[in-house]
Amino acid sequence: MLYKNLTKLMLLLGVSAFSFALHAQTDEEAARKEITEHRKKQESEFRDPAKSPLEKKERRKFKGLNFYPVDLKYRVKATFVKNETPVLFKMKTTTDRLPDYVKYGDIYFLLDGEDYKLEVYQSPDLLKRPGFEDYLFIPFTDETNGHETYDVGRYIEFHIPTTEEVVIDFNQCYNPYCSYSTKYSCPIPPEANHLPLEIKAGEKKYKTGLLH
């Protein structure tokens, strides 16, 4: 009787372990698919005359963007804390333009065993546009800037979350349009959003070598 019960327990644990591994594998596949689709959408927009930051001549020669290999280490679970007393401020840009923003909240996450925080911002002007009612963004800098990635920094798109538990995927971070053309004015990530480590994920510095 004891042997039968032990066998049943081992079988049950075996099935549970297999189910857990299968679930984890499914989550990883879904994450990789999401990142791949995001990159395809980016490159599709760069080929679209109505959306591309590239000049006509460059757009015709466009072969693709420059990305780090997908690394799910940089897809992190985070805790979102809303700012209950938002204050309007002027954010610096790559030009003299000083658009209004509010700090909508903060995200807290763990990466490589260390705790980090990034501020999340909302544009009151963008909020008025159809389709952008829940739009937020996270501009940040890290130790790759000026070397492998764009000097000014990179952005992550974010949306007003329905729970405090969120996922931040640095594999989907991208360069601001001013990295492709001086005709654009882009927000400069505030000092509070500097990460003192290398984020080797997402879009790398745009290389003219990709234009042939």
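Residues numbered from 1 in each chain as written. Predicted model: local features only at pLDDT ≥ 70, side-chain atom pairs only at ≥ 80, totals over all residues. Heavy atoms only, no water.

*Asks:* Mind showing me how you'd approach the overall build of the chain here?
*Replies:* Counting its regular elements, the chain contains three helices and seven strands. Helices (α) and strands (β) of the chain occur, in sequence order from the N terminus, as α-α-β-β-β-β-α-β-β-β. For the chain, the share of sequence-separated contacts (at least 6 apart) that also reach a separation of at least 24 residues comes to 65%. Element-wise, carbon and sulfur atoms account for 56% of the exposed surface of the chain, whose accessible area totals about 12900 Å². (Helix = DSSP H or I, 4+ residues; strand = E, 2+ residues; numbered from the N terminus. Contact = heavy atoms within 4.5 Å. Areas by Shrake-Rupley, 256 points an atom, 1.4 Å probe, with all protein chains shown as cover.)

*Asks:* Is there a simple way to explain a positive patch on the surface in this structure?
*Replies:* Taken together, Lys56, Lys57, Arg60 and Lys61 make up a surface patch of like positive charges. In this structure, Lys56 sits in helix α2 (residues 56-61). (Patch = residues over 30% accessible without salt bridge, like charges linked within 9 Å, V, L, I, M, F, W, Y side chains within 5 Å. Salt bridge = Lys/Arg side-chain N within 4 Å of Asp/Glu carboxyl O. Lys, Arg positive; Asp, Glu negative; His and termini not counted. Charge placed at Lys NZ, Arg CZ, Asp CG, Glu CD.)

*Asks:* Looking at this structure, how should I read the nonpolar core?
*Replies:* One recurring pattern in soluble globular proteins: nonpolar side chains tend to sit buried together. Ranked by internal contacts, the top residues of the largest apolar core, which has 24 residues, are Ile107, Phe109, Phe158, Ile168, Phe170, Leu195 and Ile199. If you list the elements that add at least two residues to this core, you get β1 (75-82), β3 (100-111), β4 (114-122), β5 (135-140), β6 (154-159) and β7 (165-169). The element best represented in this core is β3, accounting for four residues. When near neighbours in sequence (up to four residues on either side) are disregarded, Ile168 contacts Tyr74, Arg75, Val76, Ala78, Ile107, Ile138, Ile156 and Phe158. Judged by nonpolar contacts, the second largest core, of 11 residues, contains Tyr121, Phe137, Cys178 and Cys186. (Core = buried A, V, L, I, M, F, W, Y, C linked by side-chain atoms within 4.5 Å. Buried < 20%, exposed > 50% of the residue type's maximum accessible area, 1.4 Å probe, protein only.)

*Asks:* Explain the environment of Asp106 here, please?
*Replies:* Tracing the sequence through the fold places Asp106 in strand β3. Residue class for Asp106 comes out buried when judged on its relative accessible area of 9%. Sequence separation between Asp106 and Ala78 is 28 residues; the distance between their C-alpha atoms is 9.8 Å. For Asp106, the contacting residues outside a window of four places in its chain are Thr79, Phe80, Val81, Lys117, Leu118 and Glu119. In this structure the side chain of Asp106 is engaged in a polar contact, spanning 3.2 Å, whose partner is the side chain of Lys103. (Polar contact = N/O pair within 3.5 Å; in protein donor to acceptor, adjacent residues only side chain to side chain.)

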